[in-house]
Amino acid sequence: MTLTKQKHPCIVIMRTLEFFEGTSSKASKCAKKIRMKSNSLVVMRPGTQQNFMHVVRAEPNPNGESTEKADSVRYSLSFRAIVKSVTTANSHIKNSKVVSSTAASESKVQEPTKRVVLVAGDSFARRLDLAKLGKGKVTVVNVAQGGAKMDRVQKQLEDYCAANPNVQVDKLLLSVGTNDIRNVKDIGTLRGPLKQLHSKIVTLFPKCKVYVQSLLPLPLLNDTDKMTNIRIINFNRILFNECIYRKFYFMDVFHSFTKFKRAFSEPIRRFDPLFESNGIHPNPQRGMGVLARFYIRAIHSRYFNPYVYQ
C-alpha cells in the first residue's frame, strides 16, 4: 500500500495509519499504528483487509505550518498485490540440488498451447473448405475421411489426440451416421455405438464444445419410397437425444436440404438443386455453401444460434 501526496510538494505533513479489528473503528480497539510520510510503503499480508479496518489520520504539524495548508494536502491509498518469487520460495529448501533443479525447471518458458477447431467424421465433413471455415481467424483441422463409420471416426479422434498431446481443441464438429444406417435394418441398434463414440469424446475432450451434425436426406428409391428418409429422421432423433444427454450442440441441417412444399401423402424428398445429380453429397455450386454456413456459425458465433440447438 503506497501513501502519496498530491499537492504542495514542499510541505512535509505526517499521517498516521491505524488498523482496527473488525469493520468499525468505533467499536474496536486500535491494533496497530504506523506513522507515514509521502511516498511511504506498507506491505500487508494477504487477507489483512478482510479482518482489519484501516484509517488514515492527520497528526499535528511538527514544522508549524498552518492547518489550512495541511488540510489542502490530499493523500491517496493504492494497493498492489506482491507475488512471491520462485527464488524466495525455493530458498527454504535445504538440499541445494533440489533448489537448482527446481529453479532451472521454473526458469523454462512454457510454449503457448496451440488452440484449434477440429472437424471429424465422414465425407460430408471432409468436403468442407477449411480456409472458408476459419476465415483467417481460427485454425481449423480436418481429420474426416470418406466412408467412415462410427468406429473409424473414434479412431480418428484417438489418433489425433495421440499425435497432438499439446494441442487444445476448443470445438469439435462431427458428422457421422450416414455410412452406418446403410448396413442395418433396425436403426435402434446404432444407439449403442453412438453412445460409445460420444463417451469417448467426453474422455478425450473434457473441456471441448462438441457440435454434432444431423444427417442429410437421401435420394428416394422410387416415387413412393417413404422409408428412406423416415429412417434418417429416426436416426436424427436418436442423435438429438444423445446430444441432450451429453450436453452437446446439435446442428439440424436436415430441413435445409428437404423440398419445401409437398402434400402430406408424399414422401419426404430432398431438394435436388442442392445435391449432386448422381450422388448423396451436396454439390459444390450451392449445397456445400448451405452446409458450410452451419459450421461457420458454430465456429465463430459467441451467442445462441437458432440453427444450432443444445
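Keep in mind the model is a prediction, meaning the values are calculated, not measured.

Criteria and cut-off values
Residues numbered from 1 in each chain as written. Predicted model: local features only at pLDDT ≥ 70, side-chain atom pairs only at ≥ 80, totals over all residues. Heavy atoms only, no water. Helix = DSSP H or I, 4+ residues; strand = E, 2+ residues; numbered from the N terminus. Buried < 20%, exposed > 50% of the residue type's maximum accessible area, 1.4 Å probe, protein only. Areas by Shrake-Rupley, 256 points an atom, 1.4 Å probe, with all protein chains shown as cover. Expected span 1.5 Å × (residues − 1). Contact = heavy atoms within 4.5 Å. Salt bridge = Lys/Arg side-chain N within 4 Å of Asp/Glu carboxyl O. pLDDT = per-residue confidence, 0-100. Pairing = 2+ DSSP bridges. Phe/Tyr/Trp six-rings, centres within 6.5 Å; stacked < 30°, edge-to-face > 60°. Lys NZ or Arg CZ within 6 Å of the ring centre and 35° of its normal. Axes fitted to C-alpha atoms, helices over the stretch in contact; angles between N-to-C directions. Left-handed = near helix turned anticlockwise from the far one by under 90°. Nonpolar A, V, L, I, M, F, W, Y, C, P; charged D, E, K, R; others polar.

A. Fine view of the overall build of the chain. A count of helices and strands for the chain gives 11 helices and 12 strands. Burial statistics for the chain: of 310 residues in total, 37% are counted as buried. For the chain, the accessible area works out to roughly 19300 Å², and carbon and sulfur atoms hold 52% of it.

B. Geometry of helix α10 (residues 227–246). The first and last C-alpha atoms of α10 sit 29 Å apart over 20 residues, in line with the 28 Å expected at 1.5 Å per residue. Among all positions in α10, only Thr228, Asn229, Ile232, Ile233, Phe235, Asn236, Ile238, Leu239, Glu242 and Cys243 are buried. Summarising the contacts, the buried residues of α10 are in contact with α7 (150–163), α8 (178–181), α9 (191–204), β10 (209–213) and β11 (249–251). Directly beyond the C-terminal end of α10, a positive phi value near 60° is found at Lys247.

C. Focus on the pattern of salt bridges. Counted under the stated rule, the structure contains eight salt bridges. Put simply, Glu158 and Lys200 hold a salt bridge, and the shortest N to O gap is 3.7 Å. A residue pair is termed long-range when its members are at least 10 positions apart, and Glu158 in helix α7 and Lys200 in helix α9 qualify at 42 residues. With a shortest N-O distance of 3.2 Å, Arg246 and Glu242 are connected by a salt bridge. Residue Arg246 and its partner Glu242 are both found in helix α10; the two are separated by four residues, about one turn of the helix. On the basis of relative accessibility, which here comes to 24%, the residue Arg246 falls in the partly exposed class. Each member of the salt-bridge network shares a partner with another, and the members are Lys195, Glu242 and Arg246.

D. Summary view of the confidence of the model for the chain. Of the residues in the chain, 71% reach a pLDDT of 70 or more, and the chain-wide mean stands at 79. Within the model, pLDDT remains below 50 along residues 2–12, and this stretch shows 35 contacts once partners closer than five positions in the same chain are excluded. Between residues 91–109, whose pLDDT stays under 50, and residues either more than four places distant or in other chains, the model counts six contacts.

E. The pairing of strand β9 (residues 167–175), seen in detail. Two elements, strand β7 (residues 114–121) and β9, share eight bridges in a ladder whose sense is parallel. When the bridges of β9 are listed, Leu118 appears paired with Leu172. Relative to β10, β9 runs parallel, the two being bridged by five bridges. Pairing of Ser175 across the sheet is with Gln213, part of β10.

F. The side chain of Gln156, seen in detail. Structurally, the position occupied by Gln156 is in helix α7. Look past the residues within four positions of Gln156 in its chain and what remains in contact with it is Ala120, Gly121, Val143, Ala144, Gln145 and Ala148.

G. Here's a closer look at the packing of aromatic side chains. What the rule picks out here adds up to three aromatic pairs. Seen in terms of ring centroids, Phe240 and Phe250 are 5.3 Å apart; in terms of plane orientation they differ by 75°. Their pairing is edge-to-face. Highlighted residues: Phe240 in helix α10 and Phe250 in strand β11, separated in sequence by 10 residues. The ring of Tyr245 has Lys195 sitting right over it, with the charged end atom 5.5 Å from the ring centre. We note Arg297 situated over the ring of Phe294; from NZ or CZ to the ring centre the distance is 5.7 Å.

H. Quick look at the packing of α9 against α10. Close contact between α9 and α10 brings their axes to 11 Å; oriented N to C, the two are set at 30°. Every pair of crossing elements has a handedness; the one defined by α9 and α10 is right-handed. Contact residues: Arg191, Leu194, Lys195, His198, Ser199 and Val202 in α9; Ile238, Leu239, Glu242, Cys243 and Arg246 in α10. For the contact of α9 with α10, a count of residues per class yields five nonpolar, two polar and four charged.

I. Molecular detail of the environment of Ser214. Residue placement: Ser214 occurs in the loop between β10 and α10. The class of Ser214 is buried, set by a relative accessible area of 0%. Spatially, the C-alpha atom of Ser214 lies 8.5 Å from that of Gly177, the residues being 37 residues apart in sequence. In this structure Ser214 touches Asn236, Leu239, Phe250, Met251, Asp252, Val253 and Phe254, once residues within four positions along its chain are discounted.

J. Summary view of the environment of Ile238. The topology assignment puts Ile238 in helix α10. Residue class for Ile238 comes out buried when judged on its relative accessible area of 11%. As for Ile238 and Lys195, which are separated by 43 residues in sequence, their C-alpha atoms are 10.0 Å apart. Ignoring sequence-local partners within four residues, the contact set of Ile238 consists of Ile187, Gly188, Arg191 and Leu194.

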